Amino acid sequence: MSDRPAATGLVLDPSAVLAYTQGNSGVDDLVGTVLADGGTVVVPAVALAETRSELAYAEELARLDTLLGAVTVAPLGGGDAVGLGRLASRLNGTLGLAHAVAEAHRHEARLLTAHGPAVRRTIGELDGIVDL
Amino acid sequence: MTEIDPAAGAAPPPAPDGERAARARRRLDDAGARVTAEARAESREQVRELMGWS
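Residues numbered from 1 in each chain as written. Chains lettered and ligands numbered in written order. Predicted model: local features only at pLDDT ≥ 70, side-chain atom pairs only at ≥ 80, totals over all residues.

1. What to know about unusual backbone geometry
Residues and elements named next belong to chain A.
Next up, step 1: The backbone phi angle of N92 is positive, close to 55°, even though this residue is not glycine.
Next up, step 2: With respect to the helices and strands, the residue N92 is situated in the loop between α5 (81-91) and α6 (95-107).
Next up, step 3: Residue class for N92 comes out exposed when judged on the 11 C-beta atoms lying within 10 Å of it.
Next up, step 4: In this model, L126 sits at a positive phi of 50°, which is unusual for a non-glycine residue.
Next up, step 5: Note on placement: L126 falls in the loop between α7 (116-122) and β5 (129-131).
Next up, step 6: What makes L126 buried here is the crowd of 24 C-beta atoms within 10 Å. (Helix = DSSP H or I, 4+ residues; strand = E, 2+ residues; numbered from the N terminus. Buried ≥ 20, exposed ≤ 12 C-beta atoms within 10 Å, placed from the backbone.)

Set out below in structure tokens:
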């Protein structure tokens, strides 16, 4: 049994999902460890769609399939669409990154991203940013 | 081309071994430890305002 106080949640932005599909072992370990410790790994729907649009190789698609078998896909509600656009504009980033930031807030979870410096500069640390 | 089929029931990723899991936990813990309560509150308030959740 773990002596950790509570299971940590982890939200993947598009850069993290892409890294997972490309076999990044660090992302693999973070996802596997959070799940093994009873935490939740969240992939925001917009981040998923954004990443899928960039994949063409069967190996990457198979890894995405594996990931989707283990994580929670967070939907985007219609009521959040305008806010998401505002957040993306503030971040000067993609909608997928903005959705990941919003879900990290909602789940009080760590955000895994290659865009940590930009998020810290514009929004702050939230509940903790894990840099790719 | 292979298409994604979440309903296909792909096996979840295996849990990493001890040393790799310990390194992953350290990364998660360090990320949380860097955040002060005040910084966390300010950051979360910004997201709430931008998303219209205030």
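2. Quick notes on the packing of helix α1 (residues 14-21) of chain A against helix α3 (residues 45-52) of chain A
Relative placement of two packed helices is described by the angle separating their axes and the distance separating the axes.
Residues and elements named next belong to chain A.
Next up, step 1: Two elements in contact, α1 and α3, have axes separated by 9 Å at closest approach and are oriented at 50°. Viewed along their axes, α1 and α3 adopt a mutual orientation that is oblique. Remark: the crossing between α1 and α3 carries right-handed chirality. Within the contact between the two elements, α1 uses P14, V17 and L18 and α3 uses A47, L48, E50 and T51.
Next up, step 2: Partitioned by chemical class, the residues of the contact of α1 with α3 number five nonpolar, one polar and one charged. (Axes fitted to C-alpha atoms, helices over the stretch in contact; angles between N-to-C directions. Parallel < 35°, antiparallel > 145°, perpendicular 65-115°, else oblique. Left-handed = near helix turned anticlockwise from the far one by under 90°. Contact = placed C-beta atoms within 7 Å. Nonpolar A, V, L, I, M, F, W, Y, C, P; charged D, E, K, R; others polar.)

3. Section: the pairing of strand β2 (residues 41-44) of chain A
Residue and element names in this part refer to chain A.
Next up, step 1: Of the two faces of β2, the one carrying V41 and V43 and the one carrying V42 and P44 are both buried.
Next up, step 2: As judged from the two bridges shared by strand β1 (residues 10-12) and β2, these two strands associate in the parallel manner. Looking across to β2, one finds that L10 is bridged to V41.
Next up, step 3: Relative to strand β3 (residues 72-74), β2 is paired through three bridges, and the arrangement is parallel. Bridge assignment links V43 to a residue of β3, and that residue is V73. (Pairing = 2+ DSSP bridges.)

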